[in-house]
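Here's the letter readout for the chains.
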Amino acid sequence: MATLCPVAPLHREANASRLQITSVKTLAESSDLTSIPSHYAFTTSASGDQAVHSDHDDSIPVIDFSLLSSSNPDQRRKVVSDLAKACQDWGFFMVINHGVPESQMKAMVDMLTGFFDLTEEEKKEFEWKNVLDPIRFGTSFNASVEKVFFWRDYLKVRVHPKFHCPTKPEGFSEVLAEYSGAVRKLARELLKGISESLGLEPDYIGQAMNMDSSLQILTANLYPPCPQPELAMGMPPHSDHGLLTILMQNGIGGLQVHHGGKWVMIDPVPNAFLVNTGDHLEIMSNGKYKSVLHRAVVNNNSTRMSIVVSNGPSPDTVVTPAEQLVDGENNRAVYTGMKYKDFLELQQSSVLDGKSGLDRVKI
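Remember, it's a predicted structure, so these values are computed and weren't measured experimentally.

Asker: Explain the nonpolar core here, please?
Answerer: One recurring pattern in soluble globular proteins is that nonpolar side chains are buried together. Formed by 65 residues in total, the largest nonpolar core has its most connected members in Met-108, Tyr-179, Leu-190 and Phe-273. With ten residues, helix α5 (residues 172-197) is the largest single contributor of residues to this core. The residues contacting Phe-273, other than those within four sequence positions of it, are Phe-93, Met-94, Val-95, His-98, Val-100, Met-105, Tyr-179, Val-183, Leu-186, Ile-246, Leu-247 and Met-248. Membership of the second largest hydrophobic core comes to 19 residues, among which are Leu-33, Ala-41, Phe-42 and Val-298.

And the structure:
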């Protein structure tokens, strides 16, 4: 698999003033921008890195969420089996008939658009000082340690177990509370089905991971048009922390998933959520369900926004493989325990690099 390397910064001194980090949105809206500054330029170190569309014989799985609450045991059994296959084969799946109103999803997109449209001075109020700050506005991933930046602005907000929200724009708090609560409920029900699919009791994950106090973080990613999308990267190949990530987009594609040895483009589906398994579901399942590398690419004509909700254990939960999934010599635990908040701080403080966070807890 190809890896990303920074292009040699031939004009670093000429662009020194731009290294005073500004938002990508402001940079993209510059009237004289015809090429990207050198500190945003990447190149691939291997060929064959172009993404393809999935074929009909191996397309991303679709889960009908409404069947999880079906009174027909055969229907529920079928969707639990579908979840098992989706988690094992892809680690990504589309969720339809999820019960979150389209109007609620649109309101969240509109409110976050309003946030990114605030002035630079207004957004600076929410710039982060520490990787565990409950509200973090920034650019790239961790610009304090990166040599080359990603073509991305972001807002990260901790919404559970304690709810936080920026004070601007007006009405943000109400929309965010309603949306995050609906997604949290969706995640809990999906985890019940996933728990069953592992041969565990439906409430096993909820209880073992202390999901009543789960750490839920909403991240809004903004990828403005880029004059040289072939050189820039929205987000590099990485896996997600937590148990399940639930994502929606503004209708503009750019997500690519590493599947079957190649990068596969995932086209947005209206009024559907894209769900992927996280590092801590991999740990809890002792590797049966793996987190999957994915990346974000950019384009030169449309602003893409993705709204990602990570649903993790409680911050103080020490995540280890479920005892029922560890069986003596033949199936030993392959991960050691670590508090979720410690794992998160390590990952967020570092350069984003594949599944390096998970590598730290492998035995």
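Right, picking up where we left off after that structure.
Asker: Quick question: what am I supposed to make of α5 here?
Answerer: Each full turn of the α-helix corresponds to 3.6 residues, which orients residues three or four apart in the same direction. In this model α5 runs 37 Å from its N-terminal to its C-terminal C-alpha over 26 residues, within 8% of the 38 Å that 1.5 Å per residue would give. Following α5 by one or two positions, Gly-199 has its phi on the positive side, about 85°.

Asker: Just checking my understanding: could you explain the packing of helix α3 (residues 102-116) against α5 for this structure?
Answerer: Between α3 and α5, the shortest axis-to-axis distance is 10 Å and the interhelical angle comes to 135°. Judged by the inter-axis angle, α3 sits oblique to α5. Here α3 runs over α5; the crossing is left-handed. In contact with Gln-104, Met-105, Ala-107, Met-108, Met-111, Leu-112 and Phe-115 of α3, α5 contributes Phe-172, Val-175, Leu-176, Glu-178, Tyr-179 and Ala-182.

Asker: Just checking my understanding: could you explain the sheet that holds strand β4 (residues 62-64) for this structure?
Answerer: Whether parallel or antiparallel, the strands of a sheet pair through hydrogen bonds between backbone atoms. Ordered by their spatial adjacency, eight strands build an open sheet running β4-β5-β13-β10-β15-β8-β7-β6, and the pairing between neighbours is mixed. In this open sheet, the two strands that pair with only one neighbour each are β4 and β6 (135-139). For this sheet the average axis-to-axis angle between neighbouring strands, irrespective of direction, equals 25°. Inspection of the sheet shows strand β8 (residues 216-223) paired to strand β15 (residues 304-311) by eight bridges, in the antiparallel sense. Counted as the bridge partner of Leu-218 is Val-309 from β15.

Asker: Is there a simple way to explain the packing of helix α2 (residues 73-89) against α5 in this structure?
Answerer: In helix packing, the relevant descriptors are the interaxial angle and the interaxial distance, both defined with respect to the helix axes. Put simply, α2 and α5 touch, their axes get as near as 9 Å, and they point 85° apart. Regarding the angle of α2 to α5, the classification is roughly perpendicular. Where α2 approaches α5, its residues Arg-76, Val-80, Leu-83, Ala-84 and Cys-87 are matched on the opposing element by Leu-190, Gly-193, Ile-194, Glu-196 and Ser-197.

Asker: Please clarify how the pattern of salt bridges should be interpreted in this entry.
Answerer: It is possible for side chains of opposite charge to pair when their charged atoms get near one another. Here the structure, examined in full by the defined rule, presents 14 salt bridges. Two residues, Lys-124 and Glu-127, come together in a salt bridge whose shortest N-O distance is 3.7 Å. Residue Lys-124 is classed as partly exposed on the basis of its relative accessible area, which comes to 36%. Between Arg-188 and Asp-212 there is a salt bridge, with the nearest N and O atoms lying 3.2 Å from each other. Of the two residues, Arg-188 sits in helix α5 while Asp-212 sits in the loop between α6 (204-208) and β8, which places them 24 residues apart along the sequence. Arg-188 gets classed as partly exposed once you look at its relative accessible area, which sits at 26%.

Asker: Just checking my understanding: could you explain the side chain of His-280 for this structure?
Answerer: Considering the arrangement of structural elements, one finds His-280 in helix α7 (residues 279-284). Those residues in contact with His-280, other than ones at most four positions away along the chain, are His-241, Gly-242, Leu-243, Val-319, Tyr-340 and Phe-343.

Asker: Looking at this structure, I do not really get unusual backbone geometry. What am I missing?
Answerer: Note: most peptide bonds trans; most residues except glycine with negative phi. A cis amide bond, omega 10°, links His-160 with the succeeding residue Pro-161. Take Pro-161: it is sitting in the loop between β7 (153-160) and α5. Cis geometry is adopted by the peptide bond preceding Pro-169, which originates at Lys-168 and carries an omega value of -5°. Within the fold, Pro-169 resides in the loop between β7 and α5. Positive phi, normally seen in glycine, also occurs at Asn-271, with a value near 60°. Note that Asn-271 resides in the loop between β12 (262-266) and β13 (273-277). Phi at Asn-286 takes a positive value of approximately 55°, unusual for a residue other than glycine.

Rules behind the numbers
Residues numbered from 1 in each chain as written. Predicted model: local features only at pLDDT ≥ 70, side-chain atom pairs only at ≥ 80, totals over all residues. Heavy atoms only, no water. Core = buried A, V, L, I, M, F, W, Y, C linked by side-chain atoms within 4.5 Å. Buried < 20%, exposed > 50% of the residue type's maximum accessible area, 1.4 Å probe, protein only. Helix = DSSP H or I, 4+ residues; strand = E, 2+ residues; numbered from the N terminus. Contact = heavy atoms within 4.5 Å. Expected span 1.5 Å × (residues − 1). Axes fitted to C-alpha atoms, helices over the stretch in contact; angles between N-to-C directions. Parallel < 35°, antiparallel > 145°, perpendicular 65-115°, else oblique. Left-handed = near helix turned anticlockwise from the far one by under 90°. Pairing = 2+ DSSP bridges. Salt bridge = Lys/Arg side-chain N within 4 Å of Asp/Glu carboxyl O.

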